[in-house]
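Close look at the chain arrangement
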Amino acid sequence: MKILAIESSCDETAAAVVEDGTRVLSSIVASQVDVHHVYGGVVPELASRKHIEAIVPVVQEAIEAAGIDRSEIDAVAVTQGPGLVGALLVGFSYAKAYAWGLGIPCVGVNHLEGHMSSIFLGDNPLEFPYVALLVSGGHTSLYYVTGPTDYELMGQTRDDAVGEAYDKVSKMLGLGYPGGVVIDRLAQKGDPKAIAFPRPYLDKKAFDFSFSGLKSAVGRHLKDHPEPDETRLHDIAASFQESVAVVLCHKLTYAAQVKKCRHIAVVGGVAANSRVRAMVAEVAKKRNLSFHTPELKYCGDNAAMIGAIGYHRLREGKTLKVNDDTYSRA
Ligand code: KG4
Ligand code: ZN
């Protein structure tokens, strides 16, 4: 089954063609980062307008790159929420109209379930059950997953999402938006032990997270030591990143231990982080856990992951009706 998938929940207009929920025939992502960069964050009204400009060519490109004809598409899958409503509406309305025009079903999916399903893309299947850590700009959550659409929330952040903490620290350091990639790059040149930033475990046996205290600690450090030189900047980035990675790694592997589960996964934009990937891989090896993470191109927002979850939701018969709407919160 070939699914045309569309994603427009935030600042990426994306379309993909995915076969049977795993085989990516094409995946096109048009990023708006350049538009929002100057404002230090995503401006919702600008995001909606950019989606309107991009949606037609991006979908066209996805179909062409897949080497198929429109008539070969069996169904459309689209992000229904959570996200910016004005942004979501562009992809959502377009997807519904496209599907009805072709007389094929359209399925609305949850963006977070999309990130969770990014792990199924490609030919390295993951066995159930597994513990998944979802780390993005809006969410930091741990799930115990028993099937493609069956999962239990074990814990989540009580304040900032980890990606949000990265973006805010980046802003404090004058490095702009989005911050994750930049801090990751600078951290590779720094000493992770240079500054003893807090490691926000809360309770070491709990699965909730909190990153606003760590973010504030970086702010206090900058107040006490203003205008860091290049070496200091690298050390701040590395020390902040080390605190994040240690906590994420501990909670994920401890959750696997509690659930007596041999498989673990990290998904979402922050799953692209080099230190998080390396640390989890190392601990997983020591504890004989199998560790899965999507290819880098499927960590951040993309439509291939929407096609992956769309396939399973479609099999459950979850198709949209003409007056179904988007939703902003999970
Ligand atoms: O999943 P995503 O693309 O969008 C949301 O659904 O939020 O995640 C975006 C987040 C941003 O906060 C960005 O700074 C962060 O992922 N991010 C990273 C890295 N690449 C992206 N954070 C840390 N290290 C990275 N390499
Ligand atoms: Zn996302």
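Residues numbered from 1 in each chain as written. Chains lettered and ligands numbered in written order. Predicted model: local features only at pLDDT ≥ 70, side-chain atom pairs only at ≥ 80, totals over all residues.

A word on the nonpolar core
Note the following rule: By definition, a nonpolar core groups buried Ala, Val, Leu, Ile, Met, Phe, Trp, Tyr and Cys residues that connect through C-beta atoms lying within 7 Å of each other. Burial is judged by counting other C-beta atoms within 10 Å of a residue's own C-beta: 20 or more means buried, 12 or fewer means exposed, and anything between counts as partly exposed, with every C-beta placed from the backbone. Where helices and strands are cited, they refer to DSSP runs of H or I of at least four residues and of E of at least two residues respectively, numbered from the N terminus. Domain delimitation follows an automatic or database domain assignment. Here, residues touch in the contact sense if the C-beta positions derived from the backbone fall within 7 Å of one another.
Membership of the largest hydrophobic core comes to 102 residues, with the highest contact counts inside it found for Ala5, Ile6, Ala15, Ala16 and Leu252. With 12 residues, helix 8 (residues 230–258) is the largest single contributor of residues to this core. Structurally, this core is a two-domain feature, drawing no fewer than three residues from each of domain 1 (2–117 + 300–315) and domain 2 (123–294). Beyond its immediate stretch of four places on either side in the chain, alanine 5 contacts Ala15, Ala16, Val18, Ala77, Ala303, Ala304, Ile306, Gly307 and Gly310.

Considering the site of ligand 1
Stated precisely, the cut-off is as follows: Any residue whose C-beta atom, as placed from the backbone, lies within 6 Å of a molecule or strand is termed near it. Each residue receives one of three labels: charged for Asp, Glu, Lys and Arg, nonpolar for Ala, Val, Leu, Ile, Met, Phe, Trp, Tyr, Cys and Pro, and polar for the others, Gly being one of them.
Gly137, Gly163, Gly180, Gly269 and Asn273 are the nearest of the 19 residues found near ligand 1. Those elements giving two or more residues to the shell around ligand 1 turn out to be helix 5 (162–172) and helix 6 (180–187). For the shell around ligand 1, the per-class residue count stands at six nonpolar, 10 polar and three charged. Here the shell around ligand 1 spans two domains, and each of domain 1 (2–117 + 300–315) and domain 2 (123–294) adds at least three residues to it.

Some remarks on the domain arrangement of the protein
We note that the domain assignment places domain 1 (2–117 + 300–315) and domain 2 (123–294) within the protein. One C-alpha centre belongs to domain 1, the other to domain 2, and the line joining them spans 27 Å. Taken together, the contact between domain 1 and domain 2 spans 12 residues of the former and 17 residues of the latter. Across the side of domain 1 that touches domain 2, the residue classes tally to three nonpolar, eight polar and one charged.

Side note on the confidence of the model for the protein
Operational definition: What pLDDT conveys is the predictor's confidence in a given residue, as a value from 0 to 100.
When pLDDT is averaged along the protein, the result is 96, and 100% of the positions lie at 70 or above. In the predicted assembly, ipTM is 0.99 and pTM is 0.95.

Observations concerning the packing of helix 5 against helix 7 (residues 212–224)
The line we're drawing: To get an axis, fit a line to the C-alpha atoms, keeping to the stretch in contact for a helix; angles then go from 0 to 180 degrees between the N-to-C directions. Convention used here: angles under 35 degrees read as roughly parallel, angles over 145 as roughly antiparallel, angles from 65 to 115 as roughly perpendicular, and any remaining angle as oblique.
Between helix 5 and helix 7, the shortest axis-to-axis distance is 10 Å and the interhelical angle comes to 10 degrees. With respect to helix 7, the element helix 5 is oriented roughly parallel. Contacts from Ala165, Lys168, Val169 and Met172 of helix 5 reach helix 7 at Leu214, Lys215, Val218, Gly219 and Leu222. Among the residues forming the contact of helix 5 with helix 7, the class breakdown is six nonpolar, one polar and two charged.

Let's talk about unusual backbone geometry
Residue proline 129 follows phenylalanine 128 across a cis peptide bond; omega there is -5 degrees. Looking at where proline 129 falls in the secondary structure, it is placed in the loop between helix 4 (111–117) and strand 6 (130–135). For the bond from tyrosine 177 to proline 178, the omega torsion is -10 degrees, close enough to zero to count as cis. Looking at the secondary structure, you find proline 178 in the loop between helix 5 and helix 6. The phi dihedral of leucine 202 falls on the positive side, at around 60 degrees, and the residue is not glycine. In this fold, leucine 202 is placed in the loop between helix 6 and helix 7.

Notes on the UniProt feature "binding site: substrate" (unreviewed entry) in the protein
Filter applied, for reference: UniProt positions are given in the numbering used here, feature names are shortened, and annotations may be inferred rather than shown by experiment.
With numbering aligned to this structure, UniProt lists the feature "binding site: substrate" (unreviewed entry) at Leu134, Val135, Ser136, Gly137, Gly138, Asp167, Gly180, Asp184 and Asn273. Looking at the secondary structure, you find valine 135 in strand 6. Leaving out residues up to four positions away in the same chain, valine 135 has contacts with Thr140, Val162, Gly163, Leu248, Val266, Gly268, Val270 and Ala271. The topology assignment puts aspartate 167 in helix 5. If sequence neighbours within four positions are ignored, aspartate 167 has contacts with Gly137, Tyr177, Pro178, Gly179 and Gly180.

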